[in-house]
Structure formats: structure tokens, C-alpha cells
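# Examination of the molecular architecture
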Amino acid sequence: MIYKEKGTNSFSDYPSFNYEYCIKMTAGSKSQDGISLDHDDDGETRRDFLFLTAGSFGAVGAGIAVWPLVSSMNPAADTLALSTTEVDLSPIAKGQSITVMWQGKPVFVRHRTEKEVEEARAVNIADLSDKQDDVERVTKDKDEWLIVVGICTHLGCVPVGQKTSESKGDFGGWFCPCHGSHYDTSGRIRKGPAPKNLAVPPYEFLSDTLIKIG
Amino acid sequence: MGSGERIEFDNKVVNWIDERLPLFTLMQKEYGVFPTPRNFNYFWNFGAIAMFMLIAMIVTGIFLAMNYTPHVDMAFDSVERIDRDVNWGWMLRDIHMNGASFFFIAVYVHIFRGMYYGSYKKPRELLWILGVVIFLLMMATAFMGYVLPWGQMSYWGATVITNLFSAIPFVGDSIVTLLWGGFAIDNPTLNRFFALHYLMPFVILAVVFLHVWALHICGSNNPSGIEPKGKQDTLPFHPYYTMKDTFGLLVFLVVFCVFVFYAPDYLGHPDNYKEANSLVTPAHIVPEWYFLPFYAILRAITFDIGIPFTDITIISAKLGGVISMFGSIGLLLILPWLDTHPIRSCRYRPKYKFFLLVFLVVFCMLGYVGSQSADAMFFGLPMTLVGILCTTYYYGFFLVIIPWLNNTEKGRDLPKSIHDAVLQAEREKA
């Protein structure tokens, strides 16, 4: 099978690759040497089997090769190591709120007044979009301490309301300036696009004035 | 490739190379004698302009990378050093910064040209789809590039955009952690964004190659929207359109230079000259201007979609916003199958033209809405309402108006050929 057309590449008079022969071979018909490659009469051949197994091994191998690449993008050991933070609560006066860093994220530690706790408890749970009682969001007998991750559950901005000069939103908690989400004194979403309440991180009281986050 | 007819060249060296690798034949065929409709207007300059901008971005980017440090402690300062201390660094950076904006200007005009003259219709569907893919890749590249200076807008823009992925049900949070390489945007994030920002332009270049290849299979559309029928309808690409493209490019570059040299920060945001601070969100986060319409669509959905009279939410407001934003670009992908009207050009489709121009106004309006804060007012209307109205028109244009026009718009009589259309225009002028 020699490919030659007028005016094409001048090297085209070299004999080229014989496609017909290859097609015959893979189709399992009798080769030019007269040797039958057919395994049996249903048209399936050993070649089909070899082709499929080799193909699947290739696909599995490619998958295994990709795994470390994707996995390398996940948090590294040193990033994971920075996973707990201790906070001394003694300097935080009633009505005050501080921000601490935990895993690179701001965490709001708020020393709530009685009025704020009352407001949070007075809400009808059925009216909330993310239904959660204030009791579930604080440690038992430590009702005045609210500890939440200071990241808006909408698109990750840091809500304002930590400083006295900042807006606390319509419900006395926090207000996210990015897309207008309002959180109440329990850090629950009350108005705006955020789908969930401010997350409560895992933490425990080591003593009355010391907590460990993480 | 290379199996077609070869051209004989007089220069022996050129001929020797061409016999072995027909590069010169390719250039001659595709850019020399390539038959191009004779009636292009200046809208047809923007493909070449976009190509020039891509090259300019790659070249300035390579030299900027030689002086940039992708580390959270040093990135901001290294960009300031480029601006102040590196020889011509200020110019490289201002070209690169404003180049992104002007690349998007060129591409937006190029896309609108395609919509106005029906360039996406058969047989150019794949050409159009490759174009949308380039647009998406450009958005990803521009977004990651904007993070590199590590200013406040860089950091918070990155936070908002990467958090979009957390809206994906079940696996969202794991995907976000994977993207960040941590539990917040931090050094690993900056590092990978730099690596990808360097890679992506070359991916874009490869898709542009496919885009141009597909273009050269079916040839360019033209303002009349009818195919060339013979030699009287076309001109060789060189010198006619090499000259016209160069002229258009130079005019475009004059405007570009005005921004680069006289108002380099006009299109940017002052907050990005403050170093990133993970504890303070700027009062008003806005993306770069070229993302504003899509940002407005993202913010337009402020309500959950669920089963009525129950508390079951199927699509939360957040996921709804993300779906609408990506969907708005997805609509462009399927546009060739939404608009099946046989007439291509708006010149002969007055109704489609009207709704398309309204679409253009609405799109710009969305840009304005995106630039305003969530609780702003617009002539007594809440901005969120304007946003949802514009978003509704955006979707309605593609999903209701275009299919409705397919069946109802008769359109004007088409000229017999491009040649006829040109002569007719000349007669009307005289």
C-alpha cells in the first residue's frame, strides 16, 4: 500500500505503514501467514482478552499514579500539627469578646451578659433556618461563654461585631459585611444568605478560666 | 497535517525546510492567501487583539515571575519591590495588571461580536465552545493571578471564591481543604496558585491553537452572516486583514497605554495595597471589574429552594447562587443549540437584535449591581431586587426569548451574496 499523490510531500514514495495488515491481525481473522488467531467461533479472541486486561491494568496504574499527586495538595503534616490552641479566659470581662487563631482561622470567644444569654434562649427554635437551641451551643453551666469559629458560613468572610465600635447586626451578635448575614447572640444565622450557624469548634474547659480548642 | 499540497518556494533553504516540515506552506495557506470574507468590520479585530494580549501577558508574566516570591511573608513586599526597585519593574507590572483588564475587554467584545452576528451557529459550534472554554480558563487564571500580590482583596477574594466549592453537597468541605492545602487560605494556597497561574496561560495557548484551527476549517463568519460563495466574496488574509488587524490593534494599544502610563491603578482596588490580614475582612469585598456581572448573579440568589410548606431544603441559597453563576456561563456553551434560527446576523433579525441589545444593557447593569454592597439601594429599589431581576432576564433571554424567536421571527430578506450586500451598502451610501 503505497501512498502517492501528485504534489504531496516528496518523501511519500517510501512504503508506508501497512494498516490493512494490522486491522486483519487485531480482528482475529486469518493472518497473511495463514495462522488462525481465533480462539473459538463466537468472534472473541485471546487478543481481545489481552487487550481488555492490559487496558484495565493501564487505567488502574494511571489512577494509582494520580493519587499521590492529588494527595500532596491536602494539608501537610506540619499544617495538621498546629491543631490545638489554649485560651486563658480570665482577662475577658463580661460583655467583652476576643478573637484567637486556631488552625489559621479566627475563633470568637465571647463572654456574654445575662441579657444576651436570655435573648438567645428566648428565640422560638422553629423560626430558625438552622435549628439549634442555645443550650446545645455552649458548655453546661458555662452559659456565659460562647465559642464559635469566626467565619461566615456563606463564603468565609470574618463577620464584624467583635469590637464595640462595630455593627453587631440586627440580632446583637455579628454581622457579615460581605453579603449581609446577621448572626444572633448565640452565633446563629437569623437573616441573610448564610446557610448555617457559626460553627462551634471542638473545645473543652481545662479549668474555670482555661479552654483548649481543637 | 502536512499531507495536503505543498507550495514551492524560491528560496532554497526555505524550500529544504518546507519539504521536511511544511511550516512555510502552512503559514502561507492559513495567513497568506487564506480566503477571508471581504466585508469585515472593526468588530473582527478583537480576535487578533486578544491573541496579542495573551502573548503580552505571557511575556510580562515570565519576567515578573523572576522577581516574585510566592510566600505569605514575602509576596506583598516582593511586588512592592518590583514596583519600586526592579529596573522597569513598575512598567512590567502595570502592563501585566492592566493587560488582564484589556484582555478581558477584547474577549468580551469578541464574544458579543459572536452573539450579534450569530458566529456560534452551524458549522461553528465547536469553534464557539472552544472559545467559551478559553473564557473559563482565563477567569481561573485571572483569579489566581489576583491572589499573588497578597493584598487584602487578594486574600478575601480568594476566600470568597474558594468557599464557593463548599456549597457542593457532601464533599464540599473536603474539596475546599484540598484546594487550600490547609484549614484556611495560607502559604500552601499561595504557592499552588502561583504554580497554576504560571501553567494556565500555556493551557490557554493550546486551546487558542485549537480555536484557530477550528476557525480555519470552516472560515470566518462575517457581518452579513451568509457564507462566501466564491472569489468575489473574499480577500486574501494578507495584506488586507493583516493590515486591518494591525491598525485596530494599534488603536486599542493607545487606549491601553493611557491606562498603563497615566492611570495604572484606576481599574484596581486601593484595599489591595494593604497586606493580607486573615483577621480583618474589608468592609466591601469586590472582585475585579470583569467578574462583577457573574458576582452579581452569585449574590442574586438569597433564598432557599425547597419543598413548599415543609422545612426541607433542596437547594440552599448558597448552592443556588453558585449554580446560577456557573449556569450563566454554561448557557453560553449550549447557545448553538438554543438558537436554531436559520438567519445568523442581527442585521437581518430585528427582534433578536432588540432583545440582544437589552441583554447587553442588563449584563452591564449586573456589573453595576456586583460592584455595590449587598444592602445598597438603586433609585429606591433594594440592590438585591435589581440583581434578581437582571438575573431573571439573563436566564430568560437564553431559555425563553431565544427559543421563542426561533419559531416566531421571520427576519429580513437575506442578500444573495456578500458581494451583493457590499454593493447594496455602497449604493445606499451614495
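Preceding block: the structure.
Reading the values: the criteria
- Residues numbered from 1 in each chain as written.
- Chains lettered and ligands numbered in written order.
- Predicted model: local features only at pLDDT ≥ 70, side-chain atom pairs only at ≥ 80, totals over all residues.
- Heavy atoms only, no water.
- Pairing = 2+ DSSP bridges.
- Helix = DSSP H or I, 4+ residues; strand = E, 2+ residues; numbered from the N terminus.
- Axes fitted to C-alpha atoms, helices over the stretch in contact; angles between N-to-C directions.
- Salt bridge = Lys/Arg side-chain N within 4 Å of Asp/Glu carboxyl O.
- Buried < 20%, exposed > 50% of the residue type's maximum accessible area, 1.4 Å probe, protein only.
- Parallel < 35°, antiparallel > 145°, perpendicular 65-115°, else oblique.
- Left-handed = near helix turned anticlockwise from the far one by under 90°.
- Contact = heavy atoms within 4.5 Å.
- Nonpolar A, V, L, I, M, F, W, Y, C, P; charged D, E, K, R; others polar.
- Expected span 1.5 Å × (residues − 1).
- Buried area = accessible area lost by both parts, 1.4 Å probe.
- Polar contact = N/O pair within 3.5 Å; in protein donor to acceptor, adjacent residues only side chain to side chain.
- Core = buried A, V, L, I, M, F, W, Y, C linked by side-chain atoms within 4.5 Å.
- Phe/Tyr/Trp six-rings, centres within 6.5 Å; stacked < 30°, edge-to-face > 60°.
- Lys NZ or Arg CZ within 6 Å of the ring centre and 35° of its normal.
- Patch = residues over 30% accessible without salt bridge, like charges linked within 9 Å, V, L, I, M, F, W, Y side chains within 5 Å.
- Areas by Shrake-Rupley, 256 points an atom, 1.4 Å probe, with all protein chains shown as cover.

This part takes up the sheet that holds strand E6 (residues 181–184) of chain A. Residues and elements named next belong to chain A. Ordered in space as E5-E6-E7, the 3 strands form an open sheet in which the pairing is antiparallel. Looking at which strands have only one partner, the edges of the open sheet turn out to be strand E5 (172–176) and strand E7 (189–191). Strand-to-strand twist across the sheet, computed as the mean angle between neighbouring axes with direction ignored, equals 35 degrees. Here 4 bridges tie E5 to E6, and the two strands are oriented antiparallel to one another. Bridge pairing links tryptophan 174 to tyrosine 183 in E6.

Looking now at the pattern of salt bridges. Inspection of every chain in the model, using the stated rule, returns 24 salt bridges over all chains. A salt bridge links glutamate 119 of chain A to lysine 115 of chain A, with the shortest nitrogen-to-oxygen separation between them at 3.2 Å. In this pair, glutamate 119 of chain A and lysine 115 of chain A both sit in helix H4 (residues 114–122), 4 residues apart, roughly one turn of the helix. The class for glutamate 119 of chain A is partly exposed, based on a relative accessible area of 36%. As a salt-bridge pair, aspartate 18 of chain B and arginine 6 of chain B come within 2.7 Å of each other at their nearest N and O atoms. Of this pair, aspartate 18 of chain B sits in helix H1 (residues 12–20) while arginine 6 of chain B sits in the segment before H1, and the two are 12 residues apart along the sequence. Where salt bridges share partners, they join Arg112, Arg121, Asp134 and Asp143 of chain A into one cluster.

Our next topic: the packing of helix H5 (residues 89–116) of chain B against helix H10 (residues 237–262) of chain B. Helix-helix packing: each pair is described by the crossing angle between the helix axes and the interaxial distance. Residues and elements named next belong to chain B. Between H5 and H10, whose axes approach to 9 Å, the crossing angle comes to 135 degrees. The orientation of H5 relative to H10 falls into the category oblique. Between H5 and H10 lies a crossing whose hand is right-handed. Along its contact with H5, which presents Trp90, Met91, Asp94, Ile95, Asn98, Gly99, Phe102, Ile105 and Ala106, the element H10 presents Phe252, Val255, Phe256, Phe259, Val260 and Phe261. By residue class, the composition of the contact of H5 with H10 is 12 nonpolar, 2 polar and 1 charged.

Before going further, it helps to spend a moment on helix H7 (residues 152–163) of chain B. Residues and elements named next belong to chain B. Over its 12 residues, H7 extends 16 Å from the first C-alpha to the last, a length consistent with the 16 Å expected when each residue adds 1.5 Å. In terms of residue burial, H7 counts as a mostly covered element, since 11 of its 12 residues are buried. Every buried residue belonging to H7 is among Gln152, Met153, Ser154, Tyr155, Trp156, Gly157, Ala158, Thr159, Val160, Thr162 and Asn163, and all of these are buried. Buried residues belonging to H7 abut helix H6 (125–147), helix H8 (172–180), helix H9 (187–218), helix H11 (292–300) and helix H12 (317–338).

Once that is clear, we can look at the interface of chain A and chain B. Of the residues lining the interface, 33 residues belong to chain A; the matching set on chain B comes to 32 residues. Here chain A and chain B share an interface that buries about 2,700 Å² over both sides, 62% of which is from carbon and sulfur atoms. When residues of chain A are sorted by the area they lose upon contact with chain B, Met73, Leu155 and His179 of chain A head the list and together hold 22% of the total. Run the count over chain A and chain B and you get 0 salt bridges. One can count 2 residue pairs in polar contact (both at pLDDT 80 or more) joining chain A with chain B. Counting residues per element, the ones that place at least two in the side of chain A that touches chain B are helix H3 (77–81), strand E2 (97–102) and strand E3 (105–111) of chain A. When grouped by side-chain class, the residues that make up the side of chain A that touches chain B number 16 nonpolar, 15 polar and 2 charged.

With that out of the way, let us pick up the pairing of strand E4 (residues 145–149) of chain A. E4 of chain A sits mainly inside the fold: 5 of its 5 residues count as buried. Neither face of E4 of chain A is exposed, since Trp145, Ile147 and Val149 of chain A on one face and Leu146 and Val148 of chain A on the opposite face are all buried.

Right, let's get into the packing of H11 of chain B against helix H13 (residues 350–371) of chain B. Residue and element names in this part refer to chain B. One can describe the packing of H11 onto H13 by two numbers: an axis separation of 7 Å at closest approach and a directional angle of 70 degrees. The angle between H11 and H13 falls in the class roughly perpendicular. Contacts between H11 and H13 involve Leu292, Pro293, Phe294, Tyr295, Ala296, Ile297 and Arg299 on the former and, on the latter, Phe363, Leu366, Gly367, Val369, Gly370 and Ser371. In terms of residue class, the contact of H11 with H13 is made up of 9 nonpolar, 3 polar and 1 charged.

Quick look at the nonpolar core now. Within the largest apolar cluster, 126 residues are counted, with the highest numbers of intra-cluster contacts made by Met115, Phe397 and Phe398 of chain B. Of all the elements, H6 of chain B adds the most residues to this core, at 14 residues. Beyond its immediate stretch of four places on either side in the chain, methionine 115 of chain B contacts Tyr120, Trp128, Leu332, Leu335, Tyr352, Leu356, Phe359, Phe397 and Phe398 of chain B. Among the nonpolar cores identified, the runner-up in size contains 14 residues, and Leu89, Val109, Ile147 and Phe205 of chain A belong to it.

Below, the discussion takes up the sheet that holds strand E9 (residues 210–213) of chain A. All names here are of chain A. If you walk across this open sheet you meet the 3 strands as E1-E9-E8, and the pairing is antiparallel. Only two strands of the sheet have a single partner each, and these edge strands are strand E1 (85–88) and strand E8 (203–207). Looking at each pair of strands side by side, their axes are set apart by 25 degrees on average, direction ignored. Judged from the 4 bridges that link them, E8 and E9 form a sheet pairing that is antiparallel. Bridged to phenylalanine 205 within E9 is isoleucine 211.

All right, on to the packing of aromatic side chains then. Taken as a whole and judged by the stated rule, the model has 52 aromatic pairs over all chains. Between phenylalanine 104 of chain B and phenylalanine 291 of chain B the ring centres are 6.0 Å apart and the planes differ by 70 degrees, which places this aromatic pair in the edge-to-face class. On the criterion of sequence distance, the pair formed by phenylalanine 104 of chain B in helix H5 and phenylalanine 291 of chain B in the loop between H10 and H11 is long-range, its members being 187 residues apart. Here the aromatic rings of phenylalanine 135 of chain B and phenylalanine 294 of chain B are separated by 6.2 Å at their centres, their planes lie at 55 degrees, and the arrangement is tilted. Placement of phenylalanine 135 of chain B in helix H6 and of phenylalanine 294 of chain B in helix H11 is noted, with a sequence separation of 159 residues between them. A relative accessible area of 4% means that phenylalanine 294 of chain B is categorised as buried. The ring centre of tryptophan 174 of chain A lies 4.6 Å from the NZ or CZ of arginine 110 of chain A, which sits over that ring. Over the face of the ring belonging to tyrosine 42 of chain B we find lysine 244 of chain B, whose NZ or CZ atom lies 4.5 Å from the ring centre.

To continue, consider a nonpolar patch on the surface. Residues and elements named next belong to chain B. There is a patch of nonpolar side chains on the surface, built from Val13, Trp16, Ile17, Leu21, Leu23, Phe24, Leu26, Met27 and Tyr31 and spanning about 830 Å² of accessible area. At the level of elements, H1 and helix H2 (23–32) are the ones that each hand at least two residues to the nonpolar patch. With 5 residues, the single largest contributor to the nonpolar patch is H2. For tryptophan 16, the position within the fold is in helix H1. On the basis of relative accessible area, tryptophan 16 is assigned to the partly exposed category, the value being 48%.

All names here are of chain A. In E6, alternate side chains face the same way, and those of Ser181 and Tyr183 on one face and His182 and Asp184 on the other are all buried. Here E6 runs beside E7; their pairing, made up of 2 bridges, is antiparallel. Residue pairing in the sheet places histidine 182 in a bridge with lysine 191 of E7. Connecting the antiparallel pair E6 and E7 is a turn made up of 4 residues, with glycine 187 showing a positive phi of about 75 degrees.

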